[in-house]
Each structure stands twice: as structure tokens, then as C-alpha cells.
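Structure at a glance
For reference, the chains in residue letters:
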Amino acid sequence: MCVFMRVSRVAGGTLIRKEGRNFMAPDGSHSIFKRVHDSDTSPSPTFLFYRTPDLSLPPHHSDAKKAVEKKPKSKKKKANLLPEKDAKKMSMVAFQLTKAHEWSELADIINDLEYQSLSIEALEALAKPNGACQDIMKYKKKVLSWKPPGKETGPTSAADFKMLTPAELMVFHLGNIKGLTKRCQSMLFCKSFDESLKPLDSNLNLLACACREVMSSERLPMIMHYVIMLTNHLNQGGRNADISGIRLSGLGKICVTKSAKGHSLLHFMIDKLVVKSPELLALEDDFPSVVPASVLSSTTMRSDRALIVEGLKTLVQTCEDAANEGDDAYEIQFADFRDRAEVLVDGTAPPPLETEDRGCKYRSVCRDAQSRTLGRGRELIRHLAAAGQLELVQDVDY
């Protein structure tokens with residue numbers, strides 16, 4: 001076969017194609033170029049160009065192309081064992097868990113209680129309320145009893161496991177772990193213990209430092225001595241004369257009780273101290289930790305400690321139950337941690353009060369208002385700081 005093109009010569013030697021068709025070359029040669037005489041009306045000479053195509057190449061004409069019919073791809077079969085909403089939620093947890101470990105390795109870590117090998121985020125996703133452990137227990141029976149089509153046993157081959165979604169794989173591999181929820185909760189407590197204890201320990205150290213500053217201050221007992229003297233002077237002849245102590249809440253009254261000229265008792269006392277004992281006015285230098293300690297919440301600290309204590313009790317009870325059932329993994333993994341945690345938690349306990357009745361009033365050691373000394377005043381302040389409050393023996397009436 002040859003290709004015939006009818007071309008015309010124009011100025012500059014450029015050839016322009018006019019028409020084309022297929023025909024057999026007369027002499028069978030690869031190319032034939034000859035001039036064809038056209039009629040006189042032809043605007044330019046016409047040439048014939050013959051070229052034998054290379055049969056080793058694919059055909060160029062569209063008629064020679066064979067249409068290839070594409071077979072539709074068959075969709076992969078899925079087990080679809082979980083509801084769509086729960087499957088999406090569990091798939092996010094499954095993705096997080098498999099970032100660093102395969103499913104079989106993860107199951108061994110949880111079974112052996114190796115909490116150091118997992119991140120806090122992964123353990124929280126498993127053990128938190130309404131977490132993955134609850135969902136795994138919910139769908140455990142359905143997933144573990146599933147059998148691939150045409151098989152009498154559960155999934156064994158790679159093709160079988162491809163039919164399961166990540167959420168279903170999580171249930172399949174972790175559902176067989178005995179006591180999965182307790183294991184994950186125990187691991188989470190151990191993993192997060194130091195992080196939970198750190199702020200509580202820091203706040204307690206700050207509070208203890210502030211208490212030591214109060215008890216060791218040389219200026220505070222002297223100022224408190226002047227406050228009580230001023231109070232007794234104002235209450236002379238009244239029912240509250242000769243008091244030997246005041247409440248901490250009562251100290252605020254020296255700021256709001258004012259004279260006819262508008263001067264408060266605090267300003268009056270400061271004016272006297274400037275003349276008699278100006279060094280006492282530098283009281284704040286004795287308490288560098290009192291200001292930051294004053295913003296601490298005792299309620300928050302008690303709540304944080306209660307959570308840690310409750311978590312430790314649960315861990316100890318879980319270890320005892322596991323030992324009774326013959327599970328030695330808890331004792332092997334948590335024995336050293338349990339002993340250390342018990343010591344640290346005991347260190348955060350408030351010191352016991354020396355008095356038997358915590359609701360009683362703490363009285364000043366100096367009963368006679370005329371025989372108060374600075375030494376006894378310091379002892380009074382130490383008792384007040386240790387007890388955490390200052391009670392009135394008699395109400396102060398300004």
C-alpha cells in the first residue's frame with residue numbers, strides 16, 4: 001500500500017497538501033515522485049508522491065484501530081459488620097493505634113501491660129469513658145463470629161482480612177484480650193501518673209514554702225501583737241475587752257473601720273509604726289511565696305489528690321484480683337510503680353492536727369492581755385499557720 005497526496009508548488013518551494021487517498025504503487029517501490037501534467041487551467045504544476053508504509057509499525061489510520069472494550073472492575077466485597085456511625089468513630093481510633101504498631105504487636109503490648117510502649121493519646125482513646133474499649137466489647141461477639149463467604153472458619157488469609165475495615169480489625173485483634181478495659185485503664189493511670197501529680201506537687205510545695213515563711217517571720221508576730229493591743233484598746237469597757245485572739249477574717253476589719261475623719265485603723269497603725277518601728281513595714285519581704293500561694297485553690301488541690309488516690313486504690317485492687325485469678329502480668333509490671341506511687345501520694349497528704357477536736361477554737365497561749373510577749377506571739381502565729389485558721393476567743397467589736 002502507498003499513500004497518495006496531491007500537492008501544489010507555490011513560491012519559495014513550499015508544498016501544500018490538497019487531497020489524499022490510498023492506492024497501490026505501480027512499481028512496488030518505497031517512494032515514487034513524478035510530475036503529472038494537469039490541464040492548462042491548473043494554477044501550478046502538480047506532483048505525485050508515493051511512499052510505502054512500514055508494516056512493522058502500528059497502523060496510523062483510525063479504521064485500522066481496534067476498539068478495546070474495558071471490562072468493568074468488580075467491587076471488593078466487604079464484611080460490613082459495624083454500623084456506619086460507630087465504624088467511622090472507631091476507624092479514627094484504629095488509625096491512631098496503628099501509627100507505631102501492627103495489630104498483633106499492639107495486642108501483645110496490651111496483654112503484657114507494657115504501658116511504656118504506648119502513648120498517652122493512644123491509651124486515652126482506648127480507656128476513656130465511651131472510648132474504644134467499650135465499642136470493642138459491644139461488637140466483639142459479632143466480629144469474632146464472622147466467617148468469610150465459603151469458609152467454615154474465621155478469617156485466616158490476607159484476602160479475608162482485606163474484607164474487614166480498620167474498625168473491624170481493631171475489634172478482631174483486641175477483642176480476645178482478657179480484661180481489656182481494666183488493662184487499658186491501669187496502663188493509662190500508670191502512664192499519666194507523673195503528669196497528674198506534677199502540678200499538685202508543685203502547688204503543695206509552694207504552699208508549704210509560704211507556710212514556712214509565715215512561721216519563720218520575725219515581723220509578723222510583732223505586727224499581730226500591735227493589732228491585738230489596738231483592738232483591746234478600742235474595746236475597753238465593753239463586753240469584748242481583753243481578747244486573746246482574732247480570726248483571720250476579722251483582720252479585714254482594720255481596713256474598713258474608719259474614724260470620723262475617714263482614717264482607717266490600718267492607716268492609724270501604719271502611722272504609729274513609721275515612728276516607733278519602721279522596719280516592720282517591710283513585712284512583705286518575709287513572704288516572697290505568699291502572694292503566688294494566695295491564688296491557689298484548696299478545692300482544686302483536694303479534688304486532684306482525690307482522683308490520684310482513687311486511681312491508685314483501683315490499681316491496687318485490680319492487681320490483687322488479677323493475682324487471685326492467676327494473672328501475674330499485673331504484679332510483674334506494676335509492683336515497683338505501685339510502691340513508688342504510694343510513697344508519693346502519702347507525701348501529698350495534709351499533716352494531722354495536734355488537737356483532737358478539729359472544730360475547736362485555737363486559743364492564744366497568752367490569756368492575760370497585760371502579759372503578752374513577742375515570744376508568745378510568735379508561738380501563736382506558728383500554731384495558727386499550722387492549723388490553717390485563726391479563731392476568735394471573743395468577738396472583736398470595733
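Below, the structure is looked at part by part. (Residues numbered from 1 in each chain as written. Predicted model: local features only at pLDDT ≥ 70, side-chain atom pairs only at ≥ 80, totals over all residues. Heavy atoms only, no water.)

**Considerations on the nonpolar core**
Note the threshold: Definition of nonpolar core: a set of buried residues of the types Ala, Val, Leu, Ile, Met, Phe, Trp, Tyr and Cys, connected through side-chain atoms within 4.5 Å. Throughout, exposure labels follow a simple rule: accessible area from a 1.4 Å probe, protein chains only, divided by the maximum for the residue type, with under 20% read as buried, over 50% as exposed, and the rest as partly exposed. For helices the rule is a DSSP run of H or I covering at least 4 residues; for strands it is a run of E covering at least 2, with both sets numbered from the N terminus onward. Contacts between residues were defined by any pair of non-hydrogen atoms, one from each residue, lying within 4.5 Å.
Membership of the largest hydrophobic core comes to 60 residues, with the highest contact counts inside it found for L97, I110, M170, L174, M187 and F334. Per element, the largest residue contribution to this core is nine residues, and it comes from helix α7 (residues 180–216). Not counting residues within four places of it along the chain, the set of residues in contact with M170 comprises M90, V93, A94, L97, W103, A132, I136 and G175. Of all hydrophobic cores here, the second largest spans 14 residues; its members include I243, I246, L273 and L280.

**Remarks on the packing of aromatic side chains**
Put simply, the rule is: Aromatic rings from Phe, Tyr and Trp, with only the six-membered ring used for Trp, were paired whenever their centres fell within 6.5 Å, and each pair was classed as stacked if the ring planes differed by under 30 degrees, edge-to-face if by over 60, and tilted otherwise.
Counted according to the given criterion, the structure contains seven aromatic pairs. Through successive ring pairs, a cluster of aromatic residues spans Y115, F189, F193, Y330, F334 and F337.

**A closer look at the environment of L81**
Relative to the helices and strands, L81 is located in the loop between β4 (46–51) and α1 (84–97). Looking at L81, the relative accessible area reads 8%, which means it is buried. It is 8.9 Å that separates the C-alpha atoms of L81 and T165, two residues lying 84 residues apart in sequence. The contact partners of L81, leaving out residues within four places of it in the chain, are K142, V143, W146, L164 and E168.

**Let's talk about helix α10 (residues 265–276)**
Let me state the cut-off plainly: What a helix should span is 1.5 Å times the count of its residues minus one. An arc is given here, and it is the one of the directions from the helix axis to the C-beta atoms.
The end-to-end C-alpha separation of α10 is 16 Å, in line with the 16 Å expected for twelve residues at 1.5 Å each. Those residues of α10 that fall on the buried side of the exposure criterion are L265, M269 and L273. Along α10, the residues classed as buried sweep out an arc of 70° about the axis, all on the same side. Contacts made by the buried residues of α10 are with α8 (219–234) and α9 (253–256).

**Here's the deal with the packing of helix α2 (residues 103–111) against helix α6 (residues 166–174)**
Condition: For every element, the axis is a line fit to its C-alpha atoms; helices are fit only across the contacting stretch, and the angle between N-to-C directions ranges from 0 to 180 degrees. Here roughly perpendicular refers to angles of 65 to 115 degrees, roughly parallel to angles under 35, roughly antiparallel to angles over 145, and oblique to all remaining angles. Crossing handedness is read from the near helix: turned anticlockwise from the far helix by less than a right angle, it gives a left-handed crossing, and turned clockwise, a right-handed one. When residues are sorted by character, Ala, Val, Leu, Ile, Met, Phe, Trp, Tyr, Cys and Pro go into the nonpolar class, Asp, Glu, Lys and Arg into the charged class, and all the rest, Gly among them, into the polar class.
Interaxial distance between α2 and α6 falls to 9 Å at its minimum, and their mutual angle equals 40°. As far as their axial angle goes, α6 and α2 are oblique. Seen along the crossing, α2 lies across α6 with a hand that is right-handed. For the pair α2 and α6, contact is made by W103, S104, L106, A107 and I110 and by P166, L169, M170, H173 and L174, respectively. Broken down by class, the residue content of the contact of α2 with α6 amounts to eight nonpolar, two polar and no charged.

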